[in-house]
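# Working through the structure, step by step
Single-letter residue listing:
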Amino acid sequence: MKYTTRPQAVLLLADGTIFYGKSIGISGTTFGEVCFNTGMTGYQEIFTDPSYFGQIMVATNPHIGNYGVNADEVESEKIMISGLVCKNFSFNHSRPNSESNLYDYFEKQNLVCVSDVDTRALVSYIRDSGAQNAVISTDGTPIDELKKQLANVPDMKGLELASKVSTSEPYFFGDENATYKISALDLGIKKNILRNLAKRGCFVKVFPYDSTFDELKTFNPDGYFLSNGPGDPEPLIQAQETAKQMIASEKPVFGICLGHQIIGLANGISTYKMFNGHRGINHPVMNIITGKGEITSQNHGFAVNKEELEINSNFEITHLHLNDETVAGMRMKGKKCFSVQYHPEASPGPHDSSYLFDEFVENIKSSLS
């Protein structure tokens, strides 16, 4: 262990509630919307998921860092969360194929982390009070000063964040001699989505979040993909217009998470900010088409309006979240366009929903025949 005596740290919520803990040794102050993830594994994938950009993550798993880090277990090129709050932080790790410990990983990217927090009490409070902005500080900044700074942090509602995580230039992923070509709009795309497409015979060209349909069309793709990502979908006007034209092209379209919401908005179906959102790897979903249940990985704070979707004659709901009956999937009638609110590419799992990538490829096959 690098630190025998660690300084006190603080988590301050926007409503004035304070939780105390200890710094793991990286000094600083960071802001974001506080949220919690209920997954018992996969912390590195969570930390590098672009959909978490602008959020302070509270880990419900009491042990963080115990299996170190590995370069193969990232969803982007860097840590995306604003900060971490946990119960027990492990400076040492025991997994044989780990490349380093979590502390060194955080130190290289200057991620502020507060440990020794009563995370059960904190998660209960967030669950009852709803998502809100927060600040964590390990550098001794006075509470009154933190309150002033926190008051100036914008709310997640209305906040466009895809531009902060999207690629700035188009790039390719997969085998250029693959059977199918996909144009993907990067709103914060996870690497495992690209891996899932590539292993199903797809060569993907990934485009920046604000690309036009004409730009995506230049690749002459067999299908289009709209990715996951952070923030509010409503400000993404260009992405909505691009989605409209993707659908009008009559080529297969697949959307995940933020991409799912963009498809809804592109068709006049509104979205809304949820009280807490869904974040974890054990969320139950019912596939209405097959009648089968799925355990899914989820990470979103916005959702498609179910009432508007039910009366839209161009859509049908395909999946429902069994905890709160929110829309988990939808498809357009008469078109090869579908989307889900959860993550079928889940890494490290579960893999109940990976069939959705197969359905996308089957749509491409049938459209080419």
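Residues numbered from 1 in each chain as written. Predicted model: local features only at pLDDT ≥ 70, side-chain atom pairs only at ≥ 80, totals over all residues. Heavy atoms only, no water.

### Quick notes on the environment of G140
Quick reminder of the rule: In DSSP terms, a helix is any run of H or I states spanning at least four residues, a strand is any run of E spanning at least two, and both are numbered starting from the N terminus.
Residue position: G140 is located in the loop between β9 (132-137) and α4 (143-151). Here the alpha-carbon distance between G140 and F173, two residues 33 residues apart in the chain, equals 45 Å.

### Describing the pairing of strand β13 (residues 223-226)
For clarity, the cut-off: Under the scheme applied here, a residue whose accessible area is under 20% of the maximum for its type counts as buried, over 50% as exposed, and between as partly exposed, the area being computed with a 1.4 Å probe on protein chains only. Should DSSP find at least two bridges between two strands, the strands are taken to pair. By convention, a crossover is right-handed whenever its connection, traced from the first strand over the helix to the second and viewed with the strands pointing away, goes clockwise.
Of the two faces of β13, the one carrying G223 and F225 and the one carrying Y224 and L226 are both buried. As paired elements, β13 and strand β14 (residues 253-256) share 3 bridges and run parallel to each other. Bridge pairing links Y224 to V253 in β14. Read as a crossover between parallel neighbours, the route from β13 over helix α8 (residues 237-248) to β14 is right-handed.

### Examining the packing of aromatic side chains
The criterion, for reference: For Phe, Tyr and Trp, where Trp contributes only its six-membered ring, two rings pair if their centres lie within 6.5 Å, and the inter-plane angle classes them as stacked under 30 degrees, edge-to-face over 60, or tilted in between. Both a distance and an angle decide whether a charge sits over a ring: NZ of Lys or CZ of Arg must be within 6 Å of the ring centre and within 35 degrees of the ring normal.
Under the criterion given, the structure shown has 15 aromatic pairs. Between F254 and F357, the ring centres sit 5.7 Å apart and the planes meet at 80 degrees, which makes this aromatic pair edge-to-face. Of this pair, F254 sits in strand β14 while F357 is found in helix α11 (residues 355-368), placing the two residues 103 residues apart along the sequence. An identical accessibility class is assigned to F254 and F357; each is buried. Feature note: the residues Y43, F47, Y67, F89, F91, Y103 and F106 constitute an aromatic cluster, connected by ring pairs. Taking the ring centre of F219 as reference, the NZ or CZ of K181 above it sits at 4.6 Å. The ring of F302 carries the charged tip of K273 above its face, separated from the ring centre by 6.0 Å.

### Considerations on helix α2 (residues 102-109)
Selection criterion: Summarising the geometry, the arc corresponds to the directions from the helix axis toward the C-beta atoms. By definition in these notes, contact holds between two residues if any of their heavy atoms fall within 4.5 Å. The term polar contact refers here to a pair of N or O atoms within 3.5 Å; inside protein, the definition further demands a hydrogen-donor-capable atom paired with an acceptor-capable atom, and it admits residues adjacent in sequence only when both atoms are side-chain atoms.
Inspection of α2 places L102, Y103, Y105 and F106 among the buried residues, and these make up the whole buried set. Buried residues of α2 fall within an arc of 160 degrees about the axis and therefore sit on the same side. On the buried face of α2, the contacting elements are α1 (43-47), β5 (63-64), β6 (83-85), β7 (88-89) and β8 (112-115). Of the residues that open α2, the one with a side-chain oxygen 3.1 Å from the backbone nitrogen of Y103 is N101. Just beyond α2, the residue with positive phi is N110, at close to 55 degrees.

### Comments concerning the side chain of Q261
Here Q261 lies in helix α9 (residues 258-266). Those residues within four positions of Q261 in sequence are excluded, and the remaining contacts are P233, T271, H300, F302, A303, V304 and Q341.

### Focus: the pattern of salt bridges
Note the cut-off: What makes a salt bridge here is a side-chain nitrogen of Lys or Arg within 4 Å of a carboxyl oxygen of Asp or Glu, nothing more.
Tallied over the entire structure, the rule returns 15 salt bridges. The shortest N-O distance in the salt bridge between R127 and D128 comes to 3.8 Å. For E345, the salt bridge identified is with K190, shortest N-O distance 2.9 Å. With E345 in the loop between β19 (337-340) and α11 and K190 in the loop between β11 (180-185) and α6 (191-198), the pair connects residues that are 155 residues apart, well separated along the chain.

### Description of the sheet that holds strand β4 (residues 55-59)
This is how it is decided: Angles run from 0 to 180 degrees between N-to-C directions of axes, and those axes are lines fitted to C-alpha atoms, restricted for helices to the stretch in contact.
Read around the barrel, 7 strands follow the order β1-β2-β8-β6-β4-β3-β9 and close on themselves; strand pairing throughout is mixed. Each strand of the sheet is rotated relative to its neighbour by a mean of 35 degrees, with strand direction disregarded. Contacting β1 (8-13), β2 (18-23), β3 (29-37) and β9, α4 crosses the sheet at an angle of about 40 degrees to β1.

### Looking at the side chain of E75
Here E75 lies in the loop between β5 and β6. Within the structure, E75 has its side chain in polar contact with the backbone nitrogen of N192 (distance 3.0 Å).

### A look at the environment of I189
With respect to the secondary-structure elements, I189 resides in the loop between β11 and α6. Under the relative-accessibility criterion, I189 is labelled buried at 7%. When the C-alpha positions of I189 and S137 are compared, they lie 30 Å apart, and in sequence the two are 52 residues distant.

### As for unusual backbone geometry
With the exception of glycine, the majority of residues adopt a negative phi angle, and the majority of peptide bonds are in the trans configuration. Cis peptide bonds are those with omega within 30 degrees of zero, and the linkage from S347 to P348 qualifies with 20 degrees. One can find P348 in the loop between β19 and α11. One non-glycine residue, D116, lies in the positive phi region at around 60 degrees. Turning to its location among the elements, D116 is positioned in the loop between β8 and α3 (119-129).

### Regarding the sheet that holds strand β15 (residues 271-287)
As summarised here, the arrangement of the 10 strands in space is β10-β12-β11-β13-β14-β19-β18-β17-β15-β16, forming an open sheet in which the pairing is mixed. Because the sheet does not close on itself, it has two edges, and the strands there are β10 (171-173) and β16 (293-304). This sheet shows a mean twist of 25 degrees between the axes of neighbouring strands, independent of strand direction. Sheet topology note: the β14/β19 ladder contains 4 bridges and is parallel. Residue pairing for β19: I256 is matched across the bridge by V340.

### Comments concerning α11
Inclusion rule: Helices are assigned an expected span. That span is 1.5 Å times one less than the residue count.
When the terminal C-alpha atoms of α11 are compared, their 20 Å separation across 14 residues agrees well with the 20 Å that a helix rising 1.5 Å per residue should span. Of all the positions in α11, only L356, F357, F360, V361, N363 and I364 are classed as buried. Taken around the axis of α11, the buried residues stretch over an arc of 150 degrees, which confines them to a single face.

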